[in-house]
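Residue-level listing of the chains:
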Amino acid sequence: MKKDIIINSTLNEVRIAILEDNQFAEFLVEMPDKERSIGNIYLGRVSRIVSGINAAFINIGKNQDAFLHFSDVDESLENIITDEEDDEDDEENFNSDIYLSVPKTTNGNKKISGNANRKKVSEIVTENKLIKLSKKQRDPSDKRSKGFDINLVEGQNVLVQVTREAYGSKGVRVTTRIGLPGKYTVLLPFESTIGISKKIYSRQERKRLRYLAKHSLPNNFGCIIRTASEGKSDKELVKDWESLLKTWEEIEKKVKQTTEPGLVYQDMALATSVIRDLFTDDVQKVVVDSKKLYKDILSYVKWTAPQLADRIELFTDKVSIFDKYGIERELEQTNKRKLNLPSGGSIVIDKTEAMFVIDVNTGKSVSEKIQEQNAFKTNLEAVKEIARQIRLRDMSGMILIDFIDLAGEVHRKKLYMAMRKALQRDRAKIIVYPLTKLGIMQITRQRINQYIQEKLTENCPVCNGRGKIASRAVLLSSIERWLKNFRSKSREFRLILEVHPHVADYLTEGTLSKLSKLMIK
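Attention in this report is confined to the structure presented alongside it. (Residues numbered from 1 in each chain as written. Predicted model: local features only at pLDDT ≥ 70, side-chain atom pairs only at ≥ 80, totals over all residues. Heavy atoms only, no water.)

**Quick notes on the overall build of the protein chain**
What counts, and what does not: Secondary structure counts use DSSP, requiring at least four H or I residues in a row for a helix and at least two E residues in a row for a strand, with both numbered from the N terminus. The cut-offs for exposure are 20% and 50% of the maximum accessible area for each residue type, with area from a 1.4 Å probe on protein chains only; residues under the lower value are buried, those over the upper are exposed, and the others partly exposed. Only the protein chains shown count as cover for residues, and all accessible areas are computed by the Shrake-Rupley method using a 1.4 Å probe.
In terms of regular secondary structure, the protein chain is built from 14 helices and 23 strands. Taken over 521 residues, the protein chain has a buried fraction of 51%. When the accessible surface of the protein chain is summed, it comes to about 26,400 Å², and 49% of that surface belongs to carbon and sulfur atoms.

Put into structure tokens, the structure is as follows:
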């Protein structure tokens, strides 16, 4: 499969499109008024414990407390304090923005030597009153079905990392499984085990990677070896660990100096983190339309994976990069409630507070004489489009799909298998259930980022939030794209923008306003 990464940068946002075989497959966006916090690490303070829902609310210095479910409290904190046994995990059990820690230089298979005077994490835990788990919580297998016995106390400090963005009225979700992601490995400061991605199938390669990690990492540090590590040299992997150790040491210093809840580590900007996590050998090219971003990405890739540097291109055409690759037109489809299918059918997508509901409708097609064949054909077309829209719109939580009724059990099974196959490329954890007797398919998808419309819209001020309007940041980006296309065709220098007062305030606020920057550009 051929992959391309297209990056569009404006004054107000960075948009990233991932193409698979020239088809728009995934969309990511970073905006100033929709702060991205996944992967960030905070020194938090327990503000409230609600035993009835097995959770605590953590003050992390934001307007809204973070949500910490007791199943997200890592036993490894106790392991570090008591030096007890550890448990093993794989890359896919963590978010794409994950966990780490590491040490200084190495030669060959010599262990990376950490700072001899560096305090253990357990000492930092004690100094900062970070949480210690009760020994009763040793077996995580029954976490969600039984109660918890954890030493959480209101007012206690705890180091947490964001695993899910805020959405709706809910705040961010956090975990105490702290870590920092690298290009090839995920290093765990609170664990001493080594996990290897299940996607590395070679037994010999798994053995090599495990041996290298065991003989390179310092004591009390663990790691997860990512899929991208396969075939990489010892030198490349050790370089990754060394860099991450330096980052972790900086976090430790900041934690020691911090007394109030707040940010102690901010993950990379969106564009760089996408390059870190997704720019692998199967990506043919990365195209960027910003000189600054191009230089930043090129510098990062030359340091982490120099063999891929020649695949990064600077886009210099006068036309918008998303228009050039046909992405803008397809992106508009993500705003639509109804999408047409090739044979005349359609799908209708609705969002409720609790779930997404998708209805598949048959069209006027009469190319098949048998109704069952018509329904099956339309359903298969719907499967492909629904799987694509789930990724593009970043739907998550519960998704219910009402397919056209199928009488034949063979067709029902084929439809179920087709959906599983169509969603294989999805990076989020996803479970597909067979059709019910009513012809409804149930899907659950891991919630990490906000739904795309939550990012691009804001509550309507007229109807008190029952409707949505384009956010001011999105409007500014639309204006900038229009101006760029206009300037490519005209030499006119005088333009008047007619906007709502709400938008005018946004454009003119600040010493160097967004309007001034737009004029200069």
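**Let's talk about the packing of aromatic side chains**
As a reminder, the rule being used: Pairs were defined over the aromatic rings of Phe, Tyr and Trp, the Trp ring being its six-membered one, requiring ring centres within 6.5 Å. Orientation was assigned from the angle between planes: stacked under 30 degrees, edge-to-face over 60, tilted for the rest. Sitting over a ring, as applied to charges here, requires NZ of Lys or CZ of Arg to be within 6 Å of the ring centre and within 35 degrees of the ring normal.
All told, the structure shown has four aromatic pairs when counted by the stated rule. With a centroid separation of 6.0 Å and 90° between ring planes, the pair formed by Phe190 and Trp248 is classed as edge-to-face. With Phe190 in the loop between strand 10 (185–188) and strand 11 (194–196) and Trp248 in helix 4 (residues 234–257), the pair connects residues that are 58 residues apart, well separated along the chain. Cation over ring: Lys351 sits above Phe356, and NZ or CZ is 5.7 Å from the ring centre.

**A closer look at helix 4**
Which entries qualify depends on this criterion: To estimate the expected span of a helix, count its residues, drop one, and scale the result by 1.5 Å.
For helix 4, with 24 residues, the first-to-last C-alpha span of 35 Å sits near the 34 Å given by 1.5 Å per residue. When we look at burial in helix 4, the residues that qualify are Leu237, Val238, Asp240, Trp241, Glu242, Leu244, Leu245, Trp248, Glu249, Ile251, Glu252 and Val255.

**Some words on the pairing of strand 18 (residues 355–361)**
For the record, the criterion: A pair of strands is considered paired only if DSSP assigns at least 2 bridges between the two.
With burial as the criterion, only one face of strand 18 is covered, namely that bearing Phe356, Ile358 and Val360; the residues Met355, Val357, Asp359 and Asn361 on the opposite face remain uncovered. Bridge analysis of strand 17 (residues 346–351) against strand 18 gives six bridges, and the strand direction is antiparallel. In the strand pairing of strand 18, Asp350 is matched with Val357. Following strand 17, the chain reverses through three residues before pairing antiparallel with strand 18.

**What about the environment of Ser273?**
For clarity, the threshold we go by: Only heavy atoms matter for contacts: two residues are in contact if any of them lie within 4.5 Å across the pair.
Position of Ser273 relative to the elements: it lies in helix 5 (residues 270–278). The buried category is assigned to Ser273, whose relative accessible area is 2%. For the pair Ser273 and Gly182, spaced 91 residues apart in sequence, the C-alpha separation works out to 9.5 Å. Among residues more than four places away in sequence, those in contact with Ser273 are Arg36, Asp267 and Met268.

**With respect to the sheet that holds strand 16 (residues 338–340)**
For clarity, the threshold we go by: As a rule, the C-alpha atoms of each element are fitted with a line to give its axis, helices using only the stretch in contact, and angles between N-to-C directions run from 0 to 180 degrees.
The six strands are arranged 16-17-18-19-21-20 in an open sheet whose pairing can be described as mixed. Across the chains shown, the open sheet's two edge strands, defined by having one partner strand only, are strand 16 and strand 20 (430–432). With strand direction ignored, the average angle separating the axes of adjacent strands in the sheet is 20°. Of the strands in this sheet, strand 19 (397–402), strand 20 and strand 21 (440–445) touch helix 10 (residues 409–422), which is tilted by about 20° from strand 21.

**A look at the sheet that holds strand 14 (residues 283–288)**
A sheet is described by the order of its strands in space; here five strands give the open sequence 3-2-1-14-15, paired in mixed fashion. On the outer flanks of this sheet lie strand 3 (23–30) and strand 15 (312–314), each paired with one strand and no other. Looking at each pair of strands side by side, their axes are set apart by 20° on average, direction ignored. With seven bridges connecting them, strand 2 (residues 14–20) and strand 3 associate as antiparallel partners. Counterpart to Glu20 in the pairing with strand 3 is Gln23. Its contacts with the sheet put helix 5 on strand 1 (3–9), strand 2, strand 3 and strand 14, and the angle it makes with strand 2 is roughly 25°.

**So, the pattern of salt bridges**
Quick reminder of the rule: Just to be clear on terms, a salt bridge is a Lys or Arg side-chain nitrogen sitting within 4 Å of an Asp or Glu carboxyl oxygen.
In total, this model carries 26 salt bridges according to the counting rule given. A salt bridge links Asp350 to Arg337, with the nearest nitrogen and oxygen atoms 2.7 Å apart. Here Asp350, found in strand 17, pairs with Arg337, found in the loop between helix 8 (327–333) and strand 16; they are 13 residues apart in sequence, far enough to count as distant. Lys514 is the salt-bridge partner of Glu509, the closest N and O atoms lying 3.4 Å from each other.

**Observations concerning the packing of helix 9 (residues 371–393) against helix 10**
This is how it is decided: Here the angle decides the label: under 35 degrees means roughly parallel, over 145 means roughly antiparallel, 65 to 115 means roughly perpendicular, and every other value means oblique. The crossing is said to be left-handed when, going from far helix to near helix, the turn is anticlockwise and less than a right angle, and right-handed when the turn is clockwise. Gly is placed with the polar residues, together with every amino acid not listed as nonpolar (Ala, Val, Leu, Ile, Met, Phe, Trp, Tyr, Cys and Pro) or charged (Asp, Glu, Lys and Arg).
Remark: helix 9 packs on helix 10, axes separated minimally by 9 Å, with the N-to-C direction vectors making an angle of 15°. In terms of axis orientation, helix 9 runs roughly parallel to helix 10. The handedness of the crossing between helix 9 and helix 10 is right-handed. In this structure, helix 9 uses Glu372, Gln373, Phe376, Asn379, Leu380, Val383, Ile386 and Ala387 to contact helix 10, whose residues at the interface are His411, Lys414, Leu415, Ala418, Met419 and Ala422. Looking at the contact of helix 9 with helix 10 residue by residue, the classes come out as nine nonpolar, three polar and two charged.

**Some details on unusual backbone geometry**
In the Ramachandran plot, Asp21 falls in the positive-phi region, its phi being about 50° despite a non-glycine side chain. Structurally, Asp21 is set in the loop between strand 2 and strand 3. A positive phi angle, near 65°, is found at Asn220, a position not held by glycine. Inspection of the secondary structure assignment puts Asn220 in the loop between helix 3 (203–214) and strand 12 (222–225). Using a relative accessible area of 35% as the deciding quantity, one classes Asn220 as partly exposed.

**Details of the side chain of Ser513**
The test is simple: Any pair of nitrogen or oxygen atoms within 3.5 Å is treated as a polar contact; in protein, a donor-acceptor pairing is required on top of that, and neighbouring residues in sequence qualify only through side-chain atoms on both sides.
With respect to the element layout, Ser513 can be found in the loop between helix 13 (501–508) and helix 14 (514–520). The class of Ser513 is buried, set by a relative accessible area of 7%. Among the polar contacts made by the side chain of Ser513, one reaches the side chain of Ser516 at a distance of 3.0 Å. Not counting the four nearest positions on each side in its chain, Ser513 is found in contact with Leu507 and Thr508.

**A few points about the pairing of strand 4 (residues 41–50)**
Sheet topology places strand 4 next to strand 7 (residues 157–164); five bridges connect them, and they run antiparallel. Each bridged residue has a counterpart across the sheet, and for Leu43 the counterpart in strand 7 is Leu159. Alignment of strand 4 against strand 13 (residues 262–265), held across three bridges, turns out to be antiparallel. Bridge pairing links Tyr42 to Leu263 in strand 13. Here strand 4 runs beside strand 5 (residues 55–59); their pairing, made up of five bridges, is antiparallel. Within strand 5, the residue paired with Val50 across the bridge is Ala55. What sits between strand 4 and strand 5 in their antiparallel hairpin is a turn of four residues, with Asn54 showing a positive phi close to 50°.

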